[in-house]
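Working through the structure, step by step
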Amino acid sequence: MYFFSTKDSFSNVYSCDNLRVSFEMREDCLPNIKKHFENALRSDIKMFNPCFSDFKFRYMFSIDYGRSTMTIGLMFNGSKKEDSLKGFLEVNPNKCFDNMMCQNDILFLLSNCVGYSVSRWDLAIDIPVDREVVRMKKDQRKYELSQKSVVDRTEYLGQRSAPGRVKLYNKTIESGLDYPLTRLELTLGGGLDKWHSEFERWCPTVWTSKNVHEGLEESELSDTQKVLVELLRESPDTAQYLSRVNFRVRKKIEPYVMGVDTQLTFDISSVKEIVTQLYNFFKRSTVLEWGIAQKGTRSDTAGEDELWTDNPFV
């Protein structure tokens, strides 16, 4: 169940799996914001001890909405006085946005800000195939592999919590599903208005293969070659070890190890649809609804462009 989602012609499902919003608070509203999240009557809010270290947020809150939590940071300990008005929120829309308390907390917070924008977000693409038939091409980014078995393996590209980070893993195992599902998560930055260039820059090359188990027992491979195929499938770096096998043997066993590859095509219009849904959610909820209901909490002359600086369609 996703809050924002769309499906392409290949039945891949696109959604926003994580969202980080940076904002600048109005100085006169800061006490009200702190009071709202320090509410002792709300058992769902956890407040951490104040932090006065340089380049950290002074006040941190974690709010539990049941399926997931939202993290809020207030008053950045920067080198400038105005840094104390900076803050952020980080939340998973798929797991929190259907909770009205979460929406109300976001609306309250952003209605007391002079500006905000999406600084980082995770695009999730659910691919309805088994994990063992999906491979990701290594590129100039740092590559990591965590593998428990040929089906329970997670590949990473890039730096953690930074634009360009990619995670490819078995969603069937992670979520206890009864159908095949592989998930690709891609972290994008630069604001929603940069979504197209960010996606083209960071989207990895991914292949799906014909089921590698198909035909092995009925093949003309020797028993030794069949064992070699099974070992290579379980290898943490199949391609590297396969390249070290004798050329004649490698060409014979390669189809049973790697399968027949087909490069996945991701639909740019589906990515645009997710960006549109995100943009409309914030624009409609905060600028229109709260701009009327909370008249006086910010300048009545503040326009949409002043509050929302991430119009992706200008």
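In this report, the structure presented in the accompanying data block is examined. Throughout this description, residue numbers start from 1 for each chain and increase along the sequence as written. Thresholds applied to this predicted model are a pLDDT of at least 70 for local features of residues and 80 or more for the giving and counting of side-chain atom pairs; totals over whole chains, interfaces and linings are not thresholded and use all residues. Side-chain metrics in this entry use all non-hydrogen atoms of the structure; hydrogen atoms and water are not considered.

Helix and strand content of the protein: ten helices and 14 strands. Note on definitions: a residue-residue contact is assigned when non-hydrogen atoms from the two residues lie within 4.5 Å. Contacts in the protein between residues at least 24 apart in sequence constitute 63% of all its contacts with a sequence separation of at least 6. Areas reported here follow the Shrake-Rupley algorithm with a probe of radius 1.4 Å; residue values treat only the protein chains shown as occluding. Looking at the protein as shown, the accessible area adds up to about 16,200 Å², and 49% of this sits on carbon and sulfur atoms. To qualify as a helix, a DSSP run of H or I must reach at least 4 residues; to qualify as a strand, a run of E must reach at least 2; elements of each kind are numbered from the N terminus.

This next bit is on the pairing of strand β2 (residues 13-25). Side-chain direction in a regular strand flips from residue to residue, so the side chains alternate between the two faces of the sheet. Accessibility here uses a 1.4 Å probe with only protein chains present; expressed as a share of the type maximum, an area under 20% marks a residue as buried, one over 50% as exposed, and anything in between as partly exposed. Counting buried positions along β2 gives eleven out of 13 residues, so the element sits mostly inside the fold. As paired strands, strand β1 (residues 5-7) and β2 are joined by three bridges and run antiparallel to one another. What sits directly across from Ser 5, in β2, is Ser 15. Hairpin connection between β1 and β2: a loop of five residues separates the two successive antiparallel strands, and Ser 11 in this loop has a positive phi of roughly 70°. One ladder, built from twelve bridges, connects β2 with strand β7 (residues 113-127); its direction is antiparallel. From the neighbouring strand, Tyr 14 faces β7, where its bridge partner is Ile 125. Think of it this way: DSSP has to see at least two bridges between two strands before they count as a pair. The pairing of β2 with strand β6 (residues 86-91) spans six bridges and is classified as antiparallel. Opposite Leu 19, over in β6, you have Val 91 as the bridge partner.

On to the environment of Tyr 59, then. With respect to the secondary-structure elements, Tyr 59 resides in strand β4 (residues 57-64). For Tyr 59 and Met 47, which are twelve residues apart along the polypeptide, the C-alpha to C-alpha distance reads 7.6 Å.

To continue, consider the side chain of Ser 68. Topologically, Ser 68 is positioned in the loop between β4 and β5 (69-76). In this structure, Ser 68 is in contact with Ile 63, Asn 92, Lys 95 and Cys 96, ignoring residues within four places of it in sequence.

A few words now on helix α5 (residues 195-202). When we look at burial in α5, the residues that qualify are Trp 195, Glu 198, Phe 199 and Trp 202. Burial along α5 is one-sided: seen end-on, the buried residues are contained in an arc of 100°. Away from the buried face of α5 by more than 90 degrees, exposed residues Glu 200 and Arg 201 are located. Here, the arc refers to the directions that run from the helix axis to the C-beta atoms.

All right, on to unusual backbone geometry then. With the exception of glycine, the majority of residues adopt a negative phi angle, and the majority of peptide bonds are in the trans configuration. In this structure, Ser 11 is a non-glycine residue whose phi angle is positive, near 70°. Relative to the assigned elements, Ser 11 resides in the loop between β1 and β2. Even without being a glycine, Phe 55 presents a positive backbone phi close to 60°. Counting through the fold element by element, Phe 55 comes out in the loop between β3 (45-47) and β4. According to the relative accessible area criterion, Phe 55 is exposed, its value standing at 53%.

Quick look at the pairing of β5 now. In this sheet, β5 lies alongside β4 in antiparallel orientation, the contact comprising seven bridges. Along β5, the bridge assignment pairs Ser 62 with Thr 71. Across four bridges, the pairing between β5 and β6 is antiparallel. Residue Ile 72 lies in a different strand from β6, and its bridge partner there is Leu 89.

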